[in-house]
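Here's the letter readout for the chains.
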Amino acid sequence: MIPSPVIVKYDSALFEAIHRDVPTFLPPEDHKEAITWILSIAGAITIFHLVVLQMVKVWQGGSKETTHAAWKASYQITNLFINLTLGVVGIYYQIFKIKPDEAILDR
């Protein structure tokens, strides 16, 4: 059989030797705070999107059913707000929090 350059051969002995003493995942206590923070931010963005959706529906005439255009507009407004917020926070950190004489590797 000709070895394929596309299909990688799985070497179970090598894989077992690498992961014998080292766990694949971090212990839950190491990342519980980060997961809680991420889920709370995702929930806040979702609530913001649903509030914007209701505002767009009222602005479009207050129809009971949600149209594709309302979903698209609320998604775009949410996207604009989140990206603007991330940009402003990034600029703030770049200007006020990072020392100009600090090397990139030292940050």
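Scoring rules and cut-offs
Residues numbered from 1 in each chain as written. Predicted model: local features only at pLDDT ≥ 70, side-chain atom pairs only at ≥ 80, totals over all residues. Heavy atoms only, no water. Helix = DSSP H or I, 4+ residues; strand = E, 2+ residues; numbered from the N terminus. Buried < 20%, exposed > 50% of the residue type's maximum accessible area, 1.4 Å probe, protein only. Areas by Shrake-Rupley, 256 points an atom, 1.4 Å probe, with all protein chains shown as cover. Phe/Tyr/Trp six-rings, centres within 6.5 Å; stacked < 30°, edge-to-face > 60°.

**Some thoughts on the overall build of the protein**
Secondary structure summary: the protein contains 3 helices and 0 strands in total. Counting from the amino terminus, helix and strand elements in the protein follow one another as α-α-α. Taken across its 107 residues, the protein has 7% of its residues classed as buried. When the accessible surface of the protein is totalled, it reaches about 10,000 Å², and 69% of it is carbon and sulfur.

**Examining the packing of aromatic side chains**
On inspection of all chains with the given rule, the structure shows 3 aromatic pairs. On the basis of an interplanar angle of 85° and a centroid distance of 5.6 Å, the ring pair of Tyr92 and Tyr93 is categorised as edge-to-face. You can call Tyr92 partly exposed: its relative accessible area is 38%. Classification of Tyr93 as partly exposed rests on a relative accessible area of 45%. The rings of Tyr92, Tyr93 and Phe96 are connected pair by pair, giving a single aromatic cluster.

So yeah, pure geometry; function would need other evidence.
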